[in-house]
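Residue-level structural notes
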Amino acid sequence: MTRSASLYRYRLPMDTGVILRGRRLTERIGYIAELREGARIGRGEIAPLPGFSVECADQAGQQSLHALKRWVAGQDIMACARWPSVAFGLSMAALELQGELPITARYQTVPLLSHESVNAGAEGAAANLSVPADCRFAKLKLGRGSPQQDAINVSALLKAHPSLMLRLDANCAWSLPQAREFARHLAPAHVSRIAFIEEPCQRPADCLTFSKETGLALAWDETLQAAVRQPDFTLDTDFRLDSLSGANTLVIKPTLIGSVQRCIALIRQAQQTGTKAVISASLESSLGLTQLARLSCWLLPGSVPGLDTLSLFRSQLELTWPGSTLPVKLLQQQTRVWHS
Ligand SMILES: O=C(O)CCC(=O)C1=CC=C[C@@H](O)[C@@H]1C(=O)O
Ligand SMILES: [Mg+2]
């Protein structure tokens with residue numbers, strides 16, 4: 001069957017307040033790979049995240065182009081997809097082309113609570129944070145204010161919403177003493193209402209010590225991304241998660257981890273050791289987010305993914321996230337950098 005492929009480069013305006021690793025992100029640049037074989041179409045998003053991905057958009061674009069040309073010539077699309085963002089996007093496109101990415105999704109996500117006012121320490125800001133009425137879980141970023149202020153905000157939020165559970169994320173902000181300072185000001189009754197805390201400390205060993213001392217459940221995010229980049233990290237049978245053990249959850253950001261197949265293997269191996277997994281966004285466009293929602297519903301039907309990042313954008317791309325009223329840019333309006 002005849003094959004054709006296109007690679008679209010997109011630039012989407014972001015909300016002014018998006019700061020990643022101390023850098024303001026004013027626009028999101030990425031690619032959409034589109035595969036066609038006979039009447040079938042498959043798309044995937046390739047969007048390395050500045051400050052988190054090793055590769056930049058140009059590097060990802062060049063590698064994607066090379067892979068697409070090989071695929072059109074009848075070769076394996078994944079053979080030279082080395083960057084995680086490229087491996088993820090191309091593997092998603094191939095899955096969708098083959099009809100193996102389920103259409104169904106719940107499009108449910110864990111709300112990311114805005115923290116500007118909370119972080120400014122505004123009196124009562126945390127308790128007044130708008131939390132959707134029916135939501136069981138919400139996510140709050142930590143590490144911008146003082147650990148004590150973070151703990152006060154968390155306690156105020158949980159007090160104001162008696163049935164709420166929180167996912168917390170400090171993005172490796174704290175030393176062990178600072179993390180202990182946070183725990184010291186946390187109401188003991190609230191510890192059990194924290195589903196997990198992502199990356200509390202700069203050092204993974206300190207995260208483990210902190211978790212053991214406080215009983216706060218730990219989730220690996222950046223630590224997992226760093227581990228999978230190690231050359232000796234293999235997902236074959238002898239790979240054990242003990243180099244990542246001690247956490248009760250792995251945060252799977254496919255754009256930062258790699259191919260769907262690699263994510264599946266990681267999830268299955270985590271589950272064999274009693275470790276949970278949640279799929280999380282890396283600020284993909286609405287096209288990528290809708291595919292991540294389908295992926296999460298397929299691989300982790302019992303877990304609510306962390307995909308509440310569309311509000312950081314000023315427009316959607318090609319596919320709308322259900323309920324979003326953001327304007328939609330179409331792929332044909334984007335720059336097609338190559339077409340077979
Ligand atoms: O995981 C979620 O609920 C949403 C995504 C999210 O929190 C993040 C995405 C990308 C980088 C970070 O800002 C942050 C994270 O560290 O998990
Ligand atoms: Mg995180």
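These numbers were taken from a predicted model, which means no experiment stands behind them.

Across its 14 residues, helix 2 (residues 84-97) extends 20 Å between first and last C-alpha, which sits within 8% of the 20 Å expected from 1.5 Å per residue. Among the residues trailing helix 2, G99 stands out with phi positive, at a value near 70 degrees.

Turning to the site of ligand 1, a few remarks are in order. Taken together, 15 residues are adjacent to ligand 1, and K139, D169, N171, K253 and S280 come closest. E198 places a side-chain nitrogen or oxygen 3.3 Å from an oxygen atom of ligand 1. One of the side-chain nitrogen or oxygen atoms of K253 is found 2.7 Å away from an oxygen atom of ligand 1. The fraction of the free accessible surface of ligand 1 (390 Å²) that becomes covered by protein chains is 94%. Looking at the shell around ligand 1, its residues break down into five nonpolar, four polar and six charged. When residues of the shell around ligand 1 are sorted by domain, at least three fall in each of domain 1 (3-103 + 321-339) and domain 2 (112-312).

With 75 residues, the main nonpolar core has V154 and F182 as its most contacted residues. In terms of residue count, helix 10 (residues 286-299) provides more of this core than any other element does, six residues in total. The residue makeup of this core includes at least three contributed by each of domain 1 (3-103 + 321-339) and domain 2 (112-312). Residues A33, L35, A60 and L68 belong to the second largest nonpolar core, which totals 21 residues.

With numbering matched to this structure, UniProt assigns "active site" (unreviewed entry) to K141 and K253. Along the chain, the position of K141 falls in strand 6 (residues 137-141). A distance of 2.6 Å separates polar atoms of two side chains, one belonging to K141 and the other to N171. By the element assignment, K253 lies in the loop between strand 10 (249-252) and helix 8 (254-257). What makes K253 buried here is its relative accessible area of 7%. The residues contacting K253, other than those within four sequence positions of it, are E198, D221, Q225, S280, A281 and S282.

So, on to helix 10. Over its 14 residues, helix 10 extends 20 Å from the first C-alpha to the last, a length consistent with the 20 Å expected when each residue adds 1.5 Å. Of all 14 residues that make up helix 10, 13 are buried, and the element is covered over most of its length.

Positionally, D150 belongs in helix 4 (residues 147-160). Sequence separation of D150 and E27 is 123 residues, and the distance between their C-alpha atoms is 29 Å. A polar contact is formed between the side chain of D150 and the backbone nitrogen of G143, at a distance of 2.8 Å.

So, on to the sheet that holds strand 11 (residues 276-279). Consider a sheet: its strands pair through backbone hydrogen bonds, and that pairing is either parallel or antiparallel. If you trace the six strands from one edge of the open sheet to the other, you get 6-7-8-9-10-11, paired in parallel fashion. Strands at the two margins of the open sheet, each flanked by one partner only, are strand 6 and strand 11. Across the sheet, the mean angle separating the axes of adjacent strands is 25 degrees when strand polarity is ignored. One ladder, built from two bridges, connects strand 8 (residues 194-198) with strand 9 (residues 218-220); its direction is parallel. Following the sheet pairing, I197 is matched in strand 9 by L218.

Around the magnesium ion (ligand 2), the protein contributes the donor atoms D169 (OD), E198 (OE) and D221 (OD), at 2.0 to 2.2 Å from the metal centre. Motif for the magnesium ion (ligand 2), donor spacing along one chain: D-x28-E-x22-D. Pair noted here: D169 is in strand 7 (residues 165-169) and E198 is in strand 8, with a separation of 29 residues, a long-range link. Like D169, the residue E198 is buried in the burial classification.

A complete count under the given rule lists 16 salt bridges for this structure. A salt bridge links D169 to K139, with the nearest nitrogen and oxygen atoms 3.3 Å apart. Here the residue D169 occupies a position in strand 7, and K139 occupies one in strand 6, the gap between them amounting to 30 residues. By the burial criterion, D169 is buried, and K139 matches it. Between R180 and E213 there is a salt bridge, with its nearest N and O atoms 2.5 Å apart. Residue R180 is found in helix 5 (residues 176-184), and its partner E213 is found in helix 6 (residues 204-214); the two are separated by 33 residues along the sequence. Given a relative accessible area of 44%, E213 falls into the partly exposed group. A network of salt bridges, in which partner residues are shared, links E34, R36, R43 and E318.

The subject of this paragraph is the UniProt feature "binding site: Mg(2+)" (unreviewed entry) in the protein chain. According to UniProt, the "binding site: Mg(2+)" (unreviewed entry) feature falls on D169, E198 and D221. Maximum C-alpha separation among the annotated residues is 9.2 Å over a sequence range of 53 residues, consistent with a single clustered spot. A relative accessible area of 1% means that D169 is categorised as buried. Contact partners of D169, with chain neighbours within four places excluded, come to K139, L140, K141, L142, E198 and D221. Only 3.3 Å separates the side chain of D169 from the side chain of K139, close enough to count as a polar contact. What makes E198 buried here is its relative accessible area of 2%. Apart from residues lying up to four places away in sequence, E198 is in contact with K139, L168, D169, A170, N171, A219, D221, V251 and K253. Of note is the side chain of E198, whose polar atom sits 2.7 Å from the side chain of K139.

Criteria and cut-off values
- Residues numbered from 1 in each chain as written.
- Chains lettered and ligands numbered in written order.
- Predicted model: local features only at pLDDT ≥ 70, side-chain atom pairs only at ≥ 80, totals over all residues.
- Heavy atoms only, no water.
- Helix = DSSP H or I, 4+ residues; strand = E, 2+ residues; numbered from the N terminus.
- Expected span 1.5 Å × (residues − 1).
- Near = heavy atom within 4 Å.
- Polar contact = N/O pair within 3.5 Å; in protein donor to acceptor, adjacent residues only side chain to side chain.
- Areas by Shrake-Rupley, 256 points an atom, 1.4 Å probe, with all protein chains shown as cover.
- Nonpolar A, V, L, I, M, F, W, Y, C, P; charged D, E, K, R; others polar.
- Domains from an automatic or database assignment.
- Core = buried A, V, L, I, M, F, W, Y, C linked by side-chain atoms within 4.5 Å.
- Buried < 20%, exposed > 50% of the residue type's maximum accessible area, 1.4 Å probe, protein only.
- UniProt positions renumbered as here; feature names shortened; annotations may be inferred.
- Contact = heavy atoms within 4.5 Å.
- Pairing = 2+ DSSP bridges.
- Axes fitted to C-alpha atoms, helices over the stretch in contact; angles between N-to-C directions.
- Donors = N, O, S within 2.8 Å, 3.2 Å for Na, K, Ca; no water.
- Salt bridge = Lys/Arg side-chain N within 4 Å of Asp/Glu carboxyl O.

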